[in-house]
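A structural walkthrough
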Amino acid sequence: MAVIRCKAAVAWEFNQPLVIEEVEVAPPQEKEIRIKIVATGVCQSDLYFLSKCSNQTAFPVVFGHEAAGVVESIGPGVTEFQPGDTVIPLFMPQCRECRLCKSPKTNLCVNGFERSRISCRGRKLLQFLGTSSFSEFTVVKEMSVAKIDPAAPLDRVCLIGCAICTGYGAAVNTAKVEAGSSCAVFGLGAVGLAAVMGCKAAGASRIIAIDINPDKFEKAKVLGATDVVNPNDHSRPIQQLLQEMTGGGVDFSFECIGNVEVMRSALESCAPGWGVSVIAGWTDMENFSAPPIHLMTGRKWTGTLFGGFKGKDGVAQMVKAYLDRKLMVDEFITHNLRLEQINEAVELMKNILYH
């Protein structure tokens, strides 16, 4: 197999525009797969490491981790895949062999990411979350790839590779939302909207969608929200408002932003005795805290990665649900752009998230 030369969006420095470069993608090695990326989403996590968290990111790097594509070639020892298979690369590997993979209690895997096979101008480019989907081709480990139905439209189901599984699974897997329950979702990006959809699928009777951008409310209603709240429209704290709206607090709440102050608000919006609050928004720049009495009186505070879905199994399951018309995906797409427009995509997401 030969080295492939293709285009990739390279982050050479922190908080600087990505640069479209010609890169070299080496052939896959033992138990590796080279994938032609057909479509990729831009996720808030890409922006977080590109422009917000300078001490956690090494450069140069190729971002992107929410994608779908086609297997171009396979390395020695690969048994699950053949060239031509349609796939979604995974930032949550599933080796099926480690103690964590064998446990039904978690979706974590002890095996991490390997070295990158992408280089540019004689320099090795770091691989983001083991995927690097802002490249026309990428090489990933076999344990970090999910085979999906070839009938699935790749420019849609790529979103199942991160945001949709994270939010939807936070509701159905992590919180285990109950029929007839009340829920509050803080933050209506893709993860929050997917959490709304998961709450509806679980049978929640009241789903309160919360965001400071009212432009997101109509989409939230389409996905299942029964109430929408803009905290800026009220003088009292959002947790107090939610307690009043629900007669003492919601049964389940979801923080889908990555803001430690909102994490506490989400917890305090839960009903004492049984309320469950799930942290689905990513941040590692600050610590979160709350008075111990909130937990001593029966509330539960937990978190989720990838919505509790085991990588290979969960992604294939969610793609099937989409094809069976049991899961909405198309509604999450706001723009379709070429790789050369990646910086425009980044700015569009910043405007949606931060304005």
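Residues numbered from 1 in each chain as written. Predicted model: local features only at pLDDT ≥ 70, side-chain atom pairs only at ≥ 80, totals over all residues. Heavy atoms only, no water.

As a reminder, the rule being used: UniProt positions are given in the numbering used here, feature names are shortened, and annotations may be inferred rather than shown by experiment.
Going by what an unreviewed UniProt entry lists, the chain is known as Alcohol dehydrogenase 1-like and is assigned to Poecilia latipinna. One UniProt comment on the chain, placed under Cofactor (unreviewed entry), says "Zn(2+)". Recorded under Sequence similarities (unreviewed entry), the UniProt text for the chain is reproduced unchanged: "Belongs to the zinc-containing alcohol dehydrogenase family."

Observations concerning the side chain of Asp-211
Note the cut-off: The helix and strand labels rest on DSSP assignments: H or I over at least four residues marks a helix, E over at least two residues marks a strand, and numbering proceeds from the N terminus. In the analysis that follows, any N or O atom pair within 3.5 Å is treated as a polar contact, provided that within protein one partner can donate a hydrogen and the other can accept it, and provided that, for residues neighboring in sequence, both atoms belong to side chains. Every residue pair with non-hydrogen atoms within 4.5 Å of one another is taken to be in contact.
Checked against the element boundaries, Asp-211 lands in the loop between strand E13 (206-210) and helix H6 (217-223). Within the structure, Asp-211 has its side chain in polar contact with the side chain of Lys-216 (distance 3.5 Å). Contacts of Asp-211, omitting those with residues within four sequence positions, involve Gly-187, Leu-188, Lys-216, Phe-217, Val-229, Asn-230 and Pro-231.

Here's the deal with the pairing of strand E3 (residues 32-40)
Worth spelling out the cut-off: One requirement defines pairing of two strands: DSSP has to find at least two bridges between them.
Relative to strand E10 (residues 137-141), E3 runs antiparallel, the two being bridged by 5 bridges. Counterpart to Glu-32 in the pairing with E10 is Lys-141.

Some thoughts on the domain arrangement of the chain
We apply this condition: Each domain's limits were defined by an automated method or a database of domain assignments. Each of two parts loses accessible area, computed with a 1.4 Å probe, when they are put together; buried area is these two losses added. Any Lys or Arg side-chain nitrogen located within 4 Å of an Asp or Glu carboxyl oxygen qualifies as a salt bridge.
Assigned domains of the chain: these are domain 1 (4-161 + 325-352) and domain 2 (167-305). Measuring from the centre of the C-alpha atoms in domain 1 to the corresponding centre in domain 2 gives 29 Å. With 14 residues of domain 1 in contact, the opposing surface of domain 2 contributes 16 residues. Buried area between domain 1 and domain 2, both sides added, is near 1300 Å², and the carbon and sulfur share of it is 65%. Counting the surface domain 1 buries against domain 2, the share from its top three residues, Tyr-48, Met-328 and Phe-332, is 40%. The interface formed by domain 1 and domain 2 includes 0 salt bridges. Inspection of the region where domain 1 meets domain 2 yields 4 residue pairs in polar contact (both at pLDDT 80 or more).

Quick look at the UniProt feature "domain: Alcohol dehydrogenase-like C-terminal" (unreviewed entry) in the chain
Summarizing the sequence annotation, UniProt attributes the feature "domain: Alcohol dehydrogenase-like C-terminal" (unreviewed entry) to residues 190-312 in the numbering used throughout. The span residues 190-312 carries 35% helix and 16% strand; its end-to-end C-alpha distance comes to 21 Å.

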